[in-house]
Protein chains: 2
Amino acid sequence: MLTRADAVALDAADPLARYRADFVIPDPSLVYLDGNSLGRTPRRTLARLGSLAGEEWAGRLIGGWDDWLSLPSRVGDALAPLIGAHTGEVVVHDSTSVNLFQLVHAAAALRTGRRVVAVADDEFPSDRYVVAGAAQALGLDVRRLRDGIRLGDVAVIVRSLVDYRTGEAADLAGFTAAARDAGAIVIWDLCHAVGAIEVDLHAAGVQMAVGCTYKFLNGGPGAPAFSFVDHSLHAKLQQPIHGWFSHRDQFETDSPYAPHLDARRLLIGTPPVLSLVGAEEGIALTAHAGMAAVAAKTTALTQFGLALCDQAGLMSPTPRDAARRGGHVAVVHRDARALVPRLAAEAHVVADFRPPDIVRLGCSALTTRFTDVYDGIDALMNLAASA
Amino acid sequence: MLTRADAVALDAADPLARYRADFVIPDPSLVYLDGNSLGRTPRRTLARLGSLAGEEWAGRLIGGWDDWLSLPSRVGDALAPLIGAHTGEVVVHDSTSVNLFQLVHAAAALRTGRRVVAVADDEFPSDRYVVAGAAQALGLDVRRLRDGIRLGDVAVIVRSLVDYRTGEAADLAGFTAAARDAGAIVIWDLCHAVGAIEVDLHAAGVQMAVGCTYKFLNGGPGAPAFSFVDHSLHAKLQQPIHGWFSHRDQFETDSPYAPHLDARRLLIGTPPVLSLVGAEEGIALTAHAGMAAVAAKTTALTQFGLALCDQAGLMSPTPRDAARRGGHVAVVHRDARALVPRLAAEAHVVADFRPPDIVRLGCSALTTRFTDVYDGIDALMNLAASA
């Protein structure tokens, strides 16, 4: 029988516990289990925004661009080791939707002759919308991704590594290998994985991926997303939005368009510097803690959460196999839609609801305490019992 | 004969002079004539970033989205009156390059049967690259925009209102009318016009426009851009990047994609909130000063600058007709590339160079003093004489 004392003991033994002090936490009593939607605010981000706006922008003015021009690739290079990528393969820019759009085009251009893009019916909605829009623009058919799907004519598959509802993690290496064997390129959406669990893109043979930085990486609301493309594809990489940040001689206005030779080919327009440094600071914190330690803590938090769910009689579709789950625990309940606001109002617990019947409990390694998991699930159990 | 005393007198009589105190200006002796590349830092932006990160994000966490979700349209609605647009017609999002890409697609979709996109050879490079990339994706031909161009088969024309080098402003109403008469849609790039001069999109019959917020609107480095689409086109507006922020029922994950009924159809992914509030604050300052007063000051600054150029024997291609120029004065000099860094190093004057031979002197109504214009051109004259 797990008790709150177990949670207290786990927090006391947690080697990452000290990182919580690196975040701005105005209300320490709040049980925040939604870092999988929006991570907390790193103290260094707050300081950085002040120095960026008050000193770099105000003081260096246009000269600030000497540093800022390289931010998308610099932040990408800092992110790369967290996902098993190399220098020059990751850029931080635009949004997951824009980046996915680019890569669907890029992947389709590498698989001319194939006329199908595959995506699951229950994939994250924005990904489904982007895939459908890109397919329409490209004249491709969209096929439902499911077990037993024919892949012989599939050019591109878009798939989330971690399911945004259940928290189930796909078999990154196995699925990628099967798709590659069949001649398809998988674009992995890492939004619900990056900064939570170990991801080794090269070990898994991944060719393309996108993801966001505002969830487990604590980059700030709407911080730019990232794109990964395996270096072996860079020379052939074509995407349709040719902005000046992808152009090698950016300020030589008479030179014909010639994109960079690495992932910077995917850059488009002038990047949102204030939001980009938020991503940089968030990534730096996770890198400082070490991805292995972060992933181990995520696993411990979700394991503790699942054990508590079992004990409380709450039903969870989140896998018990740690290798097959991400950074949140899902609880299925017919009153989920009503329970989430009640958790906030009656128990000071922030979780989120995903239709039709899921309560998501996010476990952010750098800020979530085992006591948060305990208190959140305890409150959920009590409210569910009275629902 | 104009002297520095004239500049001092003009500053003393300037009704907008007090707005300079609303900006962070660490070095008041710096002659900054590059607000047309990157505007200065509003004090309220600095404060807003602190409260946004330290209170809204850190304190409200995911609940902050209750306010942030509407930022792209709210900031767009605040910008709309500065360009003669209506509520619901402007959204602030992504970058000029992405937005232009969307509108080239949208305009082409409204002109099926026509297979040509027209853009000038000397249009701003990123616009040319975007047009070429979009045309390639759409299977359209790119035709060189110039006097006497055939428009009978042209679907879309992309054109800057203010030339980024010469500062010449196009005839917004006249060119739009001629294009519409010929059945083409003009997408106006307002980057070098918005926040500098009076722009009345509806009076000119404009159907589509894009522009940025980090130049004369002082939105901060890489602040998101904007898109304008005339309301009569909203219902038919189709663009290819279908992100969840364009979807009416954003959080109802089972609903089929159904975009908003206004300019929000152009929204894509999660917006970069930190950069977006920079745009909001910058736009608010210009709105507070009043666009008519801002435009009058711009005209006075550039007129003073042109008179000084004439007096100094500096050659400028910037039109003498105030109705035909934007917010910067261009000086043509064979040593322009070398003169710009010398201006900074030897005279504490920041201007910028644009190939092959132009020195740009930006006049930002809220921050540029007549003495800045005087000192900048005086320094340029002296350096040019010794070059």
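A brief structural summary.

The rules we used
- Residues numbered from 1 in each chain as written.
- Chains lettered and ligands numbered in written order.
- Predicted model: local features only at pLDDT ≥ 70, side-chain atom pairs only at ≥ 80, totals over all residues.
- Heavy atoms only, no water.
- Helix = DSSP H or I, 4+ residues; strand = E, 2+ residues; numbered from the N terminus.
- Rg over C-alpha atoms; globule rule 2.2 N^0.38 Å.
- Buried < 20%, exposed > 50% of the residue type's maximum accessible area, 1.4 Å probe, protein only.
- Contact = heavy atoms within 4.5 Å.
- Areas by Shrake-Rupley, 256 points an atom, 1.4 Å probe, with all protein chains shown as cover.
- Lys, Arg positive; Asp, Glu negative; His and termini not counted.
- Charge placed at Lys NZ, Arg CZ, Asp CG, Glu CD.
- Core = buried A, V, L, I, M, F, W, Y, C linked by side-chain atoms within 4.5 Å.
- Salt bridge = Lys/Arg side-chain N within 4 Å of Asp/Glu carboxyl O.
- Least-squares fit on C-alpha atoms with pLDDT ≥ 70 in both.
- Pairing = 2+ DSSP bridges.
- Axes fitted to C-alpha atoms, helices over the stretch in contact; angles between N-to-C directions.
- Phe/Tyr/Trp six-rings, centres within 6.5 Å; stacked < 30°, edge-to-face > 60°.
- Arc of directions from axis to C-beta.
- Polar contact = N/O pair within 3.5 Å; in protein donor to acceptor, adjacent residues only side chain to side chain.
- Disulfide = S-S within 2.5 Å.
- Buried area = accessible area lost by both parts, 1.4 Å probe.
- Expected span 1.5 Å × (residues − 1).
- Bend = angle between axes of the 7 residues up to and from the residue.
- Parallel < 35°, antiparallel > 145°, perpendicular 65-115°, else oblique.
- Left-handed = near helix turned anticlockwise from the far one by under 90°.
- Nonpolar A, V, L, I, M, F, W, Y, C, P; charged D, E, K, R; others polar.

What follows covers the overall build of chain A. The secondary structure content of chain A amounts to eleven helices and 14 strands. In summary, chain A has a C-alpha radius of gyration of 21 Å against a globular reference of 21 Å for 387 residues, a match within 12%. Each of the 387 residues in chain A was classed as buried or not, and the buried ones make up 65%. Look at the contacts in chain A between residues 6 or more apart in sequence, and 71% of them connect residues 24 or more apart. Carbon and sulfur atoms make up 52% of the accessible area of chain A, which totals about 12900 Å². Chain A carries 35 positive and 43 negative side-chain charges, and their two centres are separated by 3 Å.

With that settled, consider the nonpolar core. In this structure, Leu 190 and Met 208 of chain A together with Ile 157, Trp 188, Leu 190 and Met 208 of chain B are the most contacted members of the largest nonpolar core, which totals 219 residues. Ignoring sequence-local partners within four residues, the contact set of Leu 190 of chain A consists of Ile 83, Leu 161, Val 199, Leu 201, Ala 209, Val 210, Gly 211 and Phe 226 of chain A.

All names here are of chain A. Enumeration over the complete set of coordinates arrives at 40 salt bridges over all chains. With its nearest N and O atoms 2.7 Å apart, the salt bridge here joins Asp 375 to Arg 4. One end of the pair, Asp 375, is in helix α11 (residues 370–386); the other, Arg 4, is in helix α1 (residues 4–13), with 371 residues separating them in the sequence. Note on Arg 4: relative accessible area 38%, which makes it partly exposed. Close ionic contact of Arg 324 with Asp 171 constitutes a salt bridge, the shortest N to O distance being 3.8 Å. In this pair, Arg 324 sits in the loop between α9 (291–312) and β11 (328–332) while Asp 171 sits in the loop between β7 (154–160) and α7 (172–181), placing the two residues 153 residues apart along the sequence. Given a relative accessible area of 36%, Arg 324 falls into the partly exposed group. Through salt bridges with shared partners, one network takes in Arg 44, Arg 48, Arg 74, Glu 280 and Glu 281.

Attention now goes to the relation of the copies chain B and chain A. Each copy of the sequence occupies a distinct position, and chain B is placed on chain A by a rotation of 180° and an axial shift of 0.0 Å, giving an RMSD of 0.0 Å. Such a combination of turn and shift is consistent with a two-fold rotation axis. Taken together, the interface assignments show that 100% of the residues at the interface of chain B recur at the interface of chain A, consistent with an identical surface on both copies.

Here we take up the sheet that holds strand β6 (residues 141–144) of chain B. Pairing between sheet strands relies on hydrogen bonds along the backbone, with the strands arranged either parallel or antiparallel. Residues and elements named next belong to chain B. Strand order in the open sheet made by the seven strands is β4-β10-β9-β8-β7-β5-β6, with mixed pairing throughout. Every interior strand has two partners, whereas the edge strands, β4 (90–93) and β6, have only one. The sheet shows a mean angle of 20° between the axes of neighbouring strands, taken without regard to direction. Both strand β5 (residues 116–119) and strand β7 (residues 154–160) contribute to a ladder of four bridges, which runs parallel.

A full pass over the atoms with the stated rule returns 19 aromatic pairs over all chains. Consider the rings of Tyr 129 of chain A and Tyr 257 of chain B, whose centres lie 5.2 Å apart with planes at 45°: the pair is tilted. With Tyr 129 of chain A in helix α6 (residues 125–138) and Tyr 257 of chain B in the loop between β10 (225–229) and α8 (273–289), this residue pair bridges two chains. Exposure remark for Tyr 129 of chain A: the relative accessible area of 3% places this residue in the buried category. Given a relative accessible area of 25%, Tyr 257 of chain B falls into the partly exposed group.

Right, let's get into the pairing of strand β11 (residues 328–332) of chain B. Residues and elements named next belong to chain B. In terms of residue burial, β11 counts as a mostly covered element, since four of its five residues are buried. Bridge analysis of β11 against strand β14 (residues 358–362) gives five bridges, and the strand direction is antiparallel. Within β14, the position partnered with Val 331 by the bridge is Val 359.

All names here are of chain B. Among the residues of helix α10 (residues 336–347), Ala 336, Leu 339, Val 340 and Leu 343 are the ones counted as buried. Summarising the axial view, the buried residues of α10 lie within an arc of 105°, below the 170-degree limit, and thus occupy one face. In α10, the exposed residues that point more than 90 degrees away from the buried face are Ala 345 and Glu 346. Contact partners of the buried residues in α10: β12 (349–350), β13 (352–354), β14 and α11 (370–386).

Along the chain, His 247 of chain A turns up in the loop between β10 (225–229) and α8 (273–289). Among the polar contacts listed, one links the side chain of His 247 of chain A to the backbone nitrogen of Ala 258 of chain A, at a separation of 3.1 Å. Ignoring any residue separated from it by four or fewer positions in sequence, one finds His 247 of chain A in contact with Glu 252, Ser 255, Pro 256, Tyr 257, Ala 258, Pro 259 and His 260 of chain A together with Tyr 129 of chain B.

Mapped onto the elements, Glu 252 of chain B comes out in the loop between β10 and α8. Among residues more than four places away in sequence, those in contact with Glu 252 of chain B are Tyr 129, Arg 337 and Pro 355 of chain A together with His 247 of chain B.

Residue and element names in this part refer to chain B. Overall, the coordinates contain zero disulfides over all chains when judged by the stated rule. Note on Cys 212: no disulfide assigned, nearest cysteine sulfur contributed by Cys 191 at a separation of 3.9 Å. Note on Cys 212: relative accessible area 2%, which makes it buried.

Before going further, it helps to spend a moment on the interface of chain B and chain A. Tallying the contact residues gives 69 residues for chain B and 69 residues for chain A. Of the roughly 5600 Å² buried at the junction of chain B and chain A (both faces included), carbon and sulfur atoms supply 69%. On the surface where chain B and chain A come into contact, there are zero salt bridges. Across the chain B-chain A interface, the total number found is 19 residue pairs in polar contact (both at pLDDT 80 or more).

All names here are of chain B. For helix α2 (residues 43–60), with 18 residues, the first-to-last C-alpha span of 24 Å sits near the 26 Å given by 1.5 Å per residue. At Leu 52, α2 is deflected by roughly 35°, the largest bend along its length. Among the residues of α2, Thr 45, Arg 48, Leu 49, Leu 52, Ala 53, Gly 54, Glu 56, Trp 57 and Ala 58 are the ones counted as buried.

Our next topic: the sheet that holds strand β14 (residues 358–362) of chain A. All names here are of chain A. With respect to topology, three strands assemble into an open sheet ordered β11-β14-β13, the strand pairing being antiparallel. Edge positions in the open sheet fall to β11 and β13 (352–354), since each of these has one partner strand only. Each strand axis lies, on average, 30° off the axis of its neighbour in the sheet, ignoring direction.

Attention now moves to the packing of helix α4 (residues 71–79) of chain A against α8 of chain A. All names here are of chain A. It is the contact of α4 with α8, at a shortest axis distance of 10 Å, that shows an interaxial angle of 20°. Comparing their axes, α8 and α4 come out roughly parallel. Remark: the crossing between α4 and α8 carries left-handed chirality. Touching Leu 71, Pro 72, Arg 74, Val 75, Ala 78 and Leu 79 of α4 are Val 273, Leu 276, Val 277, Ala 279, Glu 280 and Ile 283, all from α8. Classifying every residue of the contact of α4 with α8 by side-chain character gives ten nonpolar, no polar and two charged.

Right, let's talk about unusual backbone geometry for a bit. Residue and element names in this part refer to chain A. Cis geometry is adopted by the peptide bond preceding Pro 356, which originates at Pro 355 and carries an omega value of 0°. One non-glycine residue, His 348, lies in the positive phi region at around 60°. Along the chain, His 348 falls in the loop between α10 (336–347) and β12 (349–350). What makes His 348 partly exposed here is its relative accessible area of 34%.

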